[in-house]
Structures are given as C-alpha cells and as structure tokens.
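What follows is the residue order along each chain.
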Amino acid sequence: MHILATIFVVIVAIEHLYIMYLETIATDSKKTSQTFNLKQQVLKDKNIQVLLKNQGIYNGLLAIALFYGAFLSSNPKEFVALLLIFIIVAAVYGSLTSSKSIILKQGGPAIIALILLLL
C-alpha cells in the first residue's frame, strides 16, 4: 500500500476507535447524544446501553483489523479492501435506515481510502 492509502486507512481506523469510545465508554454522554441524535435520557436506558456497547465492540474490532491489515498483514491490499467494503456497505445501510449523513461521515473516509488503495 502506498503512503496516502495507508494514511486514510489509519484515519478510518481512528474514526472507528472514536465510535467505539462513544458507544462503550461515553455511552450516555452529551457528545454521544449529539452524534447519534438520541436524547441522553434514552442513552441511560440499560437495554440501549447494552446494544450500543455491543456495537462499539464491533467498531473497535474493525479498527484493530484495519491496523493489522495496514501494518502486519502479508496481503494488506486485499485484507484492507475487504474491511473498507464492509464499512462502506454499513454506511450505505445506515444512510438508508438512520441518517443520510452517515454515508459522508462514516462512509466518506472509507470510500476515499478504498479508491486510494486500488490506484
């Protein structure tokens, strides 16, 4: 992978670590409320917290997998491309079912990283 693609893959990984932080550690914070457009009172519900924390673990694992693919994998291009495609598909689904802005916020960096990776 060339340097610019690696930089964008790292940006995507850091973004997913931040999402994991919001979902697993700062679950009922004001920032999480703003980010996911949910009232803080809703975020204090134990069932919602369990769901968010579970989702946060997936985001954290995606980040770890991206770091692994970018820096340790014997086939980084194929491995990272697959993960970026997963992220893009999830962003498309999220934009259709939740908020249109997800395609830009979450999908945008992944799309740029995938394009750079394939060049």
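Here the structure is a predicted model, which means the values were calculated and not measured.

Draft legend 1. Focus on the packing of helix 1 (residues 3–24) against helix 5 (residues 76–97). The geometry of helix 1 relative to helix 5 is characterised by a closest axis approach of 12 Å and an angle of 50° between their N-to-C directions. Judged on the interaxial angle alone, helix 5 and helix 1 are oblique. Here helix 1 and helix 5 pass one another in a crossing that is left-handed. Of the residues in helix 5, those touching helix 1 at V9, V12 and H16 are V80, L84 and I87.

Draft legend 2. Here's a closer look at the pattern of salt bridges. Evaluation of the coordinates by the stated rule reveals 1 salt bridge. Two residues, K44 and D28, come together in a salt bridge whose shortest N-O distance is 3.7 Å. One end of the pair, K44, is in the loop between helix 3 (40–43) and helix 4 (46–71); the other, D28, is in the loop between helix 1 and helix 2 (30–36), and 16 residues separate them in sequence.

Draft legend 3. Seen up close, the UniProt feature "transmembrane region" (unreviewed entry) in the chain. The feature "transmembrane region" (unreviewed entry), as given by UniProt, occupies residues 6–22, 56–73 and 79–96 in the numbering adopted here. The span residues 56–73 is 89% helix and 0% strand, and its two end C-alpha atoms sit 24 Å from each other. In residues 79–96, the share of helix is 100% and the share of strand is 0%. The end C-alpha atoms are 26 Å apart.

Draft legend 4. Broad picture of the nonpolar core. Counting 19 residues, the largest nonpolar core has V9, V12, L66, L84 and L117 as its most contacted members. Listed by contribution, the elements that provide at least two residues to this core are helix 1, helix 4, helix 5 and helix 7 (107–118). Examining the composition of this core, we find that 6 residues originate from one element, helix 5, more than from any other. If we ignore the near neighbours within four places in the chain, the residues touching V9 are M1, L66, A70, V80, L84 and A113.

Draft legend 5. Examining the packing of helix 5 against helix 7 more closely. Closest axis-to-axis distance for the helix 5/helix 7 pair is 9 Å, and the angle between their directions is 150°. Judged by the inter-axis angle, helix 5 sits roughly antiparallel to helix 7. Here the hand of the crossing between helix 5 and helix 7 comes out left-handed. Every residue of helix 7 that contacts helix 5 at K77, V80, A81, L84, I85, I87, I88 and A91 is listed here: G107, A110, I111, A113, L114, L117 and L118.

Reading the values: the criteria
- Residues numbered from 1 in each chain as written.
- Predicted model: local features only at pLDDT ≥ 70, side-chain atom pairs only at ≥ 80, totals over all residues.
- Heavy atoms only, no water.
- Axes fitted to C-alpha atoms, helices over the stretch in contact; angles between N-to-C directions.
- Helix = DSSP H or I, 4+ residues; strand = E, 2+ residues; numbered from the N terminus.
- Parallel < 35°, antiparallel > 145°, perpendicular 65-115°, else oblique.
- Left-handed = near helix turned anticlockwise from the far one by under 90°.
- Contact = heavy atoms within 4.5 Å.
- Salt bridge = Lys/Arg side-chain N within 4 Å of Asp/Glu carboxyl O.
- UniProt positions renumbered as here; feature names shortened; annotations may be inferred.
- Core = buried A, V, L, I, M, F, W, Y, C linked by side-chain atoms within 4.5 Å.
- Buried < 20%, exposed > 50% of the residue type's maximum accessible area, 1.4 Å probe, protein only.

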